[in-house]
Amino acid sequence: MKIKKKLVFISCIILFLFILIILVSYMLTPQPVNAMMVSLSSMTEYDNNIYLEKSIPKKTKEELINDYEKSKIKILDCFDEIRAKPTIIFVQSPESLKRYAQNQTGQTYYMYWGNFIVIGPKGFNEDVIAHELIHSELRKRLRNKNLVPVWFDEGLATLVDNRYSINNINEINFDALDGLKNKGNFYDPIRSRENYLIAKSEVSRWYRTNGNTGLNNLINGLNKGITFNELYKEKQ
């Protein structure tokens, strides 16, 4: 009986801490929490965990679903199969943007139990959707999202994103990329686009040499504890 009471007490403590974490998270950054709770909202649910704001015109909704289907095909240009099943939320009004999004284009919120992609009005196209789906697909395969530097994560996503076009695919000094491995440097507003182009140039070059097999080997090696630098330089 004492053991049963102890288990109940521990379960209550865990539940309390879980609720407390959600409340604190909501106060600090409400958008990811709102995205996580989208199934309880008034948004229109489409098949496969896709939610669309009701005020989006019917024709636009149809175009978004079509773009989503085309973006899934793009994912197969990088990965051999689609494994991730993120929740995708399309928002348009200022009220919904404030509630769910941190920018008007697109971003992905990573939770232990799944990923939540929010697409704003500036991201209503297959390039942005495919870009965010690549992020989600990579996270599905990696045990720890911090195992890859930001420049590789974003560079991989730009392979299916035609917003970033490069005329030449050149090898970039690997040591120079070290400065773009963290979010603070990579997403610097002044050099953000330039950094995306650098990342696309390097990852395009690497992927052209190593392909899908090399990408899978890189991910498997990371999950086994081998460092990114070791694996990436190995496949130059």
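These figures come from a predicted structure and were not determined experimentally.

**Re the packing of helix H3 (residues 58-75) against helix H5 (residues 126-141)**
- Packing of H3 against H5 leaves a shortest axis separation of 8 Å and a crossing angle of 50°. Looking at the two axes, H3 sits oblique to H5. For the crossing formed where H3 meets H5, the hand is right-handed. Residues Leu64, Asp67, Tyr68, Lys70, Ser71, Lys72, Lys74 and Ile75 of H3 pack against Glu126, Asp127, Ile129, Ala130, Leu133, Ile134 and Glu137 of H5.
- Of the residues that constitute the contact of H3 with H5, the class distribution is seven nonpolar, one polar and seven charged.

**Examining the pattern of salt bridges**
- Across all of its chains, the model carries 13 salt bridges by this definition.
- Lys70 serves as the salt-bridge partner of Glu126, at 3.2 Å between the closest nitrogen and oxygen. Taken together, the residues Glu126 in helix H5 and Lys70 in helix H3 connect sequence positions 56 residues apart.
- The exposure class assigned to Lys70 is partly exposed, which follows from its relative accessible area of 34%.
- The salt bridge involving Glu194 is made with Arg191; its shortest N-O contact spans 2.9 Å.
- Taking relative accessible area as the criterion, Glu194 reaches 41% and is therefore assigned partly exposed.
- Of the residues examined, Arg191 reaches a relative accessible area of 39% and is grouped as partly exposed.
- Several salt bridges converge on common partners, so that one network encompasses Asp67, Lys70, Lys74, Glu126 and Asp127.

**Focus on the packing of aromatic side chains**
- Within this structure, the stated rule accounts for 13 aromatic pairs.
- Measuring from ring centre to ring centre gives 5.7 Å for Phe152 and Trp206, while their planes differ by 85°; the resulting arrangement is edge-to-face. With Phe152 in helix H6 (residues 150-158) and Trp206 in helix H9 (residues 192-223), this pair connects stretches of sequence that are 54 residues apart. One exposure class covers both Phe152 and Trp206, and it is buried.
- Taken together, Trp151, Phe152, Trp206, Phe228 and Tyr232 form an aromatic cluster joined through their ring pairs.
- Directly above the aromatic system of Tyr110 lies the positively charged group of Arg139, at a separation of 4.2 Å from the ring centroid.

**Topic: the sheet that holds strand E3 (residues 87-90)**
- Taken together, five strands build an open sheet; the order of strands is E1-E2-E3-E5-E4 and the sheet is mixed. Looking at the sheet topology across the chains shown, the edges are occupied by strand E1 (44-46) and strand E4 (106-111). The average undirected angle you get between the axes of adjacent strands in this sheet is 20°.
- Here strand E2 (residues 50-52) pairs with E3 via three bridges, running parallel. Bridging from a neighbouring strand, Tyr51 pairs with Ile89 of E3.
- In the packing of H3 onto the sheet, contacts are made with E1, E2 and E3, and the angle to E2 comes to roughly 155°.
- Packed onto the sheet, H5 meets E3, E4 and strand E5 (114-119) and runs at close to 165° relative to E5.

Basis of the calculations
Residues numbered from 1 in each chain as written. Predicted model: local features only at pLDDT ≥ 70, side-chain atom pairs only at ≥ 80, totals over all residues. Heavy atoms only, no water. Axes fitted to C-alpha atoms, helices over the stretch in contact; angles between N-to-C directions. Helix = DSSP H or I, 4+ residues; strand = E, 2+ residues; numbered from the N terminus. Parallel < 35°, antiparallel > 145°, perpendicular 65-115°, else oblique. Left-handed = near helix turned anticlockwise from the far one by under 90°. Contact = heavy atoms within 4.5 Å. Nonpolar A, V, L, I, M, F, W, Y, C, P; charged D, E, K, R; others polar. Salt bridge = Lys/Arg side-chain N within 4 Å of Asp/Glu carboxyl O. Buried < 20%, exposed > 50% of the residue type's maximum accessible area, 1.4 Å probe, protein only. Phe/Tyr/Trp six-rings, centres within 6.5 Å; stacked < 30°, edge-to-face > 60°. Lys NZ or Arg CZ within 6 Å of the ring centre and 35° of its normal. Pairing = 2+ DSSP bridges.

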